[in-house]
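Breakdown of the fold
Given next are the chains, with one letter for each unit.
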Amino acid sequence: MPKSILKALIFAACASHTSVALTAPSEQQITAYAEHALSQWQAPGMSIAVVKDGQAVYVGGVGVREQGKPERMDADTLFTIASVSKAFTGMSAAMAVERGQIVWDQPIIQTLPSFRLYDPYVTAEATIRDLLAHRVGVSGNYVNGMALTREQMVGLLRDAKPAAAFRTRRVYSNLLYAAAGEAVANAAGMSWDDHMRTMIFEPLGMSASSTRSSALAEAPNRASSHVRDRQGAIRIDPFRPRGYWSMDNHAPAGGINSTARDMARWLEFQVGDGEFRGRRLLSARNFAETHADQIIYQDRRWNSDPLEFLIGFEPVAYTLGWHSSFYQGRRTLWHGGGFRGHGCIALLDEQQKLGIFVFANSRDGLRGLSSGVAQWILDRYLELPERDWSSEQKRRYDQRWAQMAQQEKAVLQRPARRKAPSAELQAYAGRYVARDSWEQYELTQQGGRLRMNLQGMAEPFYAELEPWQGDAFRATWNEPVTEYEPAQIVSFTFGAQGRVHSMLLYRADSAQPDELYRVESTVPAP
């Protein structure tokens with residue numbers, strides 16, 4: 001059957017939402033739907049792996065590695081899986097437990113003596129299970145590109161004030177996953193990277209997978225990164241392994257690189273209850289711990305982002321590296337991953353022994369593109385009426401983009417009558433820190449302007465501040481982190497004796513500003 005006719009048949013069914021389900025979709029049908037999704041989102045390419053009953057039924061790529069170039073995505077194209085790495089770290093901990101090197105409910109300070117939190121009680125009581133389940137109550141996520149070692153990154157935790165009481169609710173933290181990786185490394189007597197390679201990558205035959213940004217940079221068959229500019233157009237996001245792209249110092253949280261072929265092997269293991277191709281790599285008991293619910297979602301939301309990753313999935317709990325949910329009355333595990341212009345999702349239906357992984361070389365991969373394709377594939381196996389999930393996700397994304405544009409317009413609306421700053425520029429200079437995270441800025445006066453430098457970065461990351469209205473300044477960054485610039489309006493508050501007390505950062509993607517306080521402290525030296 002010609003490809004054009006096949007596509008027409010598939011998407012006529014999608015539009016009706018009531019067609020007879022297609023059990024076990026063919027390779028051609030999966031490819032056709034992926035091409036449809038790429039066209040909708042104007043994204044360059046995807047990699048997909050589907051495993052059913054211990055067998056890989058689809059492993060391949062669709063589209064191109066880089067916009068404007070002919071090289072195709074394929075089963076061996078390398079990319080970052082970002083936070084999907086968390087399930088790998090949870091599994092590496094289970095491997096260490098299996099060998100008696102660490103205990104699930106033993107205080108982590110016994111295997112990682114340098115571990116310190118703001119609260120001494122939590123420092124003494126927190127376990128590897130607590131860290132992997134995000135139930136410590138401490139945040140710490142925006143850590144990419146910092147010029148600190150993994151050990152120094154973990155050291156930032158001691159100054160991070162709790163966002164919730166210990167073991168009461170999930171508070172997502174990349175830094176705590178970095179600490180969990182360091183604890184496993186100490187217990188096993190090798191680096192986390194070597195432990196991942198010897199205990200997981202090699203036994204599963206994941207020969208292309210790695211834990212260093214340099215490996216991705218040097219790969220000839222590598223997916224490029226794409227983000228949207230301020231007008232919504234797709235652009236290439238240059239790869240620089242030492243700068244904003246580097247996740248080496250918190251790799252246990254999101255630094256694994258892989259391919260569709262390797263991820264198919266990972267999915268085989270995940271639906272095999274600790275066995276891989278006839279060989280048991282982990283006891284059923286310790287394997288089950290990694291999939292067991294650990295902390296219940298109290299707010300019934302995945303996170304603070306109003307965009308859901310998967311439509312119709314009821315949030316239940318977090319495991320040791322997976323979100324646990326119910327979909328159509330069935331328990332489903334999944335996790336998304338996104339960094340710069342890479343986005344992906346891994347999804348498991350244990351009852352069906354079904355595993356699905358979808359990656360897109362676009363920031364939209366974390367905003368509905370990858371999850372829309374994954375959910376469409378899942379529905380085919382569950383024999384559900386067909387729905388075009390990619391179109392539904394794109395519609396929600398477009399609505400969110402329009403909302404962001406309105407928020408940006410409101411943030412940047414300039415008063416008709418301008419007011420001069422209430423103090424000389426030098427009065428605003430100084431160091432500002434956030435109360436509940438590592439984030440610190442140094443403000444200096446340079447050539448009649450203020451410059452705001454984010455501290456501790458491997459490459460300079462700063463904004464020039466232009467007087468906007470009174471004690472509010474417009475920030476222009478030397479390089480946007482994503483399609484939305486981080487802070488666009490920076491305002492200052494004054495305290496006793498007329499000295500600057502704090503700094504408020506207003507972003508287009510947030511209704512509430514971030515507040516940082518003027519202090520004298522510094523981040524750890526690289």
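See the structure shown above.
Described below are features of the structure shown in this document. This is a predicted model, so every value here is computed, not measured.

1. Focus: the sheet that holds strand 15 (residues 430-434)
Here eight strands make up a closed barrel; going around it, the order is 15-16-17-18-19-20-21-22 and the pairing antiparallel. Each adjacent strand pair in this sheet contributes to an overall mean axis angle of 30°, direction not counted. As paired elements, strand 15 and strand 16 (residues 440-446) share four bridges and run antiparallel to each other. Pairing of V433 across the sheet is with Q440, part of strand 16.

2. Some details on the pattern of salt bridges
Counted according to the given criterion, the structure contains 24 salt bridges. Between D364 and R228 there is a salt bridge whose closest N-O contact spans 2.6 Å. Highlighted residues: D364 in the loop between strand 14 (354-360) and helix 13 (369-382) and R228 in strand 4 (residues 226-228), separated in sequence by 136 residues. Each member of the pair, D364 as well as R228, is classed as buried. One salt bridge in this structure joins D349 and R330, with 3.0 Å as the shortest N-O distance. Here R330 lies in strand 12 (residues 330-339) and D349 lies in strand 13 (residues 342-349), a separation of 19 residues in the sequence. Judged by relative accessible area, which is 1%, D349 ranks as buried.

3. Some thoughts on the pairing of strand 12
Within strand 12, eight of the 10 residues are buried, which leaves it mostly tucked inside the rest of the structure. Pairing of strand 11 (residues 323-327) with strand 12, which is carried by five bridges, proceeds in the antiparallel orientation. Paired with Y327 across the bridge in strand 12 is R330. Between strand 11 and the antiparallel strand that follows it, strand 12, lie two residues; Q328 among them carries a positive phi value of about 55°. Alignment of strand 12 against strand 13, held across seven bridges, turns out to be antiparallel. Paired with G336 across the bridge in strand 13 is I345. Where strand 12 folds back onto strand 13 in an antiparallel hairpin, the turn is made up of two residues, including R340, whose phi is positive at roughly 50°.

4. Topic: the sheet that holds strand 11
Spatial strand order, 2-1-14-13-12-11-10-9: eight strands in an open sheet with antiparallel pairing. Across the chains shown, the open sheet's two edge strands, defined by having one partner strand only, are strand 2 (55-63) and strand 9 (295-296). Strand contacts of helix 11 (residues 260-270): strand 1 (45-52), strand 2, strand 13 and strand 14, with the helix running at about 30° to strand 1, the strand carrying the most contacts. Along the sheet, helix 13 contacts strand 1, strand 2, strand 11, strand 12, strand 13 and strand 14; its crossing angle with strand 14, the most-contacted strand, is approximately 155°.

5. Some points on helix 3 (residues 85-98)
With 14 residues, helix 3 should cover 20 Å at 1.5 Å per step; its first-to-last C-alpha distance of 20 Å lies within 8% of that length. Counted residue by residue, helix 3 has 13 buried out of 14 residues, so it is predominantly covered. Two residues or fewer past helix 3, G100 is found with a positive phi of approximately 70°.

6. Quick look at the packing of aromatic side chains
Taken as a whole and judged by the stated rule, the model has 18 aromatic pairs. Between F79 and F359 the ring centres are 4.1 Å apart and the planes differ by 10°, which places this aromatic pair in the stacked class. Here F79 is found in strand 3 (residues 79-80), whereas its partner F359 is found in strand 14, with 280 residues between them in sequence. F359 shares its class with F79; the two are buried. Geometrically, the ring pair formed by F473 and F492 is edge-to-face, given 5.7 Å between the ring centres and 85° between the ring planes. Note that F473 is positioned in strand 19 (residues 472-477) and F492 in strand 20 (residues 489-494), a separation of 19 residues in sequence. Under the relative-accessibility criterion, F473 is labelled buried at 0%. Classification of F492 as buried rests on a relative accessible area of 6%. Cluster of aromatic residues (ring-pair linked, three or more members): F88, F201, W266, F269 and F287. A cation over an aromatic ring shows up here: R451 above the ring of Y462, its NZ or CZ 3.8 Å from the ring centre. For the cation-ring pair, R474 lies above W468, with the distance from its terminal atom to the ring centre recorded as 5.8 Å.

Conventions and cut-offs
- Residues numbered from 1 in each chain as written.
- Predicted model: local features only at pLDDT ≥ 70, side-chain atom pairs only at ≥ 80, totals over all residues.
- Heavy atoms only, no water.
- Pairing = 2+ DSSP bridges.
- Helix = DSSP H or I, 4+ residues; strand = E, 2+ residues; numbered from the N terminus.
- Axes fitted to C-alpha atoms, helices over the stretch in contact; angles between N-to-C directions.
- Salt bridge = Lys/Arg side-chain N within 4 Å of Asp/Glu carboxyl O.
- Buried < 20%, exposed > 50% of the residue type's maximum accessible area, 1.4 Å probe, protein only.
- Contact = heavy atoms within 4.5 Å.
- Expected span 1.5 Å × (residues − 1).
- Phe/Tyr/Trp six-rings, centres within 6.5 Å; stacked < 30°, edge-to-face > 60°.
- Lys NZ or Arg CZ within 6 Å of the ring centre and 35° of its normal.

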